[in-house]
Amino acid sequence: MRLRSDLRVIAELVPTGSRILDLGCDDGELLEFLIEQKQAWGSGIELSEEGVLACVRRGLSVRQGNIAEGLADYPDSSLDVVILSQTLPFLNDPTFIINEMLRVGNCAIVSFPNWGYWRCRLEFLITGRVPQYPGFEQNWDGVKRWQLFTLSDFEDLTQWIGVKIENRAYLEGNQRIERHARWRARTAVYALTKSG
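Residues numbered from 1 in each chain as written. Predicted model: local features only at pLDDT ≥ 70, side-chain atom pairs only at ≥ 80, totals over all residues. Heavy atoms only, no water.

*Asks:* Can you walk me through the sheet that holds strand β4 (residues 79-85) in this structure?
*Replies:* With respect to topology, eight strands assemble into an open sheet ordered β3-β2-β1-β4-β5-β8-β6-β7, the strand pairing being mixed. Lying at the two open borders of the sheet, with one neighbouring strand each, are β3 (62-64) and β7 (175-177). Here the strands of the sheet are splayed against their neighbours by 20 degrees on average, with no regard to which way each runs. Inspection of the sheet shows strand β1 (residues 19-23) paired to strand β2 (residues 41-46) by five bridges, in the parallel sense. Bridge pairing links R19 to W41 in β2. Sheet strands touched by helix α3 (residues 49-57): β2 and β3. Its angle to β3, the strand with the most contacts, is close to 160 degrees. (Pairing = 2+ DSSP bridges. Helix = DSSP H or I, 4+ residues; strand = E, 2+ residues; numbered from the N terminus. Axes fitted to C-alpha atoms, helices over the stretch in contact; angles between N-to-C directions. Contact = heavy atoms within 4.5 Å.)

Next up, the structure:
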């Protein structure tokens, strides 16, 4: 099974045997991988009917619905890891969702596109228009609730809401990068825990 680069990093961060919840699990590719390769117990929440049907075909336990409503059904500290991959920019209240993820799970892992990526910066500078993110081919007006943010924006948010960054990975395509990630990283993955 070939996982997208951010999903491979997420899989590395999930301890073997974890109880997991994959929010916005799409077709269930990551969830299936974690169950088979990491002996995880897992389920997912997916909004699209197509995604839910794909998950069911894989034999996965997935609920169709809104992420916020789905999280409300889980008791405090009932899971080890809650995952949200490439969905954060589409949420009405990302702060609420991150806090809910950490209420339900001991660790929250999120991945998202970095709008501080150098090509996005350059396109904005040259054209004066919101850039089309590489690998994410939707115009700004074709997506509901699309929020653009950078690595710095996200890290500021975690400080503001009192969330601890346990681990982070910056990706440029399939490669991890360390230096100058603020403008070189196309995608970021963060593992978060409650502070204190």
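Text resumes after the structure shown.
*Asks:* Would you mind going over the pattern of salt bridges with me for this structure?
*Replies:* Any two side chains of opposite charge can pair, on the condition that their charged atoms come close. Under the defined criterion, the tally for this structure stands at 11 salt bridges. A salt bridge links R103 to E100, with the nearest nitrogen and oxygen atoms 2.9 Å apart. Separated by three residues within a single helix, R103 and E100 lie in helix α5 (residues 94-104), roughly one turn from each other. The buried category is assigned to E100, whose relative accessible area is 13%. Here the salt bridges do not stand alone but share partners, grouping D27, E32 and R58 into one network. (Salt bridge = Lys/Arg side-chain N within 4 Å of Asp/Glu carboxyl O. Buried < 20%, exposed > 50% of the residue type's maximum accessible area, 1.4 Å probe, protein only.)

*Asks:* Would you mind going over the packing of aromatic side chains with me for this structure?
*Replies:* The description of an aromatic ring pair uses the distance of the two centres, along with the angle that the planes make with each other. Counting across every chain of the model gives six aromatic pairs. With a centroid separation of 6.1 Å and an interplanar angle of 55 degrees, the aromatic rings of Y117 and W118 are classed as tilted. Given a relative accessible area of 2%, Y117 falls into the buried group. Arranged with centres 4.8 Å apart and planes meeting at 45 degrees, the rings of F154 and Y190 form a pair that is tilted. Of this pair, F154 sits in helix α7 (residues 151-161) while Y190 sits in strand β8 (residues 187-194); the two residues are 36 residues apart in sequence, bridging distant segments of the chain. In this pair, the class of F154 matches that of Y190, namely buried. An aromatic cluster is built from F112, F149, F154, Y170 and Y190, whose rings are joined through pairwise contacts. (Phe/Tyr/Trp six-rings, centres within 6.5 Å; stacked < 30°, edge-to-face > 60°.)

*Asks:* Help me understand the side chain of T193 in this model?
*Replies:* Turning to its location among the elements, T193 is positioned in strand β8. We classify T193 as buried; its relative accessible area is 14%. Within the structure, the side chain of T193 is placed 2.8 Å from the side chain of E166, a separation counted as a polar contact. Ignoring anything within four residues of it in the chain, the contact list for T193 reads L102, N106, C107, V163, K164 and E166. (Polar contact = N/O pair within 3.5 Å; in protein donor to acceptor, adjacent residues only side chain to side chain.)

*Asks:* I'm lost on the nonpolar core in this one. Help?
*Replies:* When a protein is soluble and globular, its nonpolar side chains tend to lie buried together. Core analysis: the largest hydrophobic core is formed by 32 residues, its most contacted members being Y190 and L192. Elements that contribute at least two residues to this core include exactly β1, α4 (67-72), β4, α5, β5 (105-113), α7, β6 (163-172) and β8. In terms of residue count, α5 provides more of this core than any other element does, five residues in total. Aside from chain neighbours lying at most four places away, what touches Y190 is A108, I109, V110, F112, L151, F154, E155, I165, N167, R168 and Y170. Of all hydrophobic cores here, the second largest spans 25 residues; its members include L7, V62, V81 and A169. (Core = buried A, V, L, I, M, F, W, Y, C linked by side-chain atoms within 4.5 Å.)

Fair warning: the whole summary comes from geometry, so function is off the table for now.
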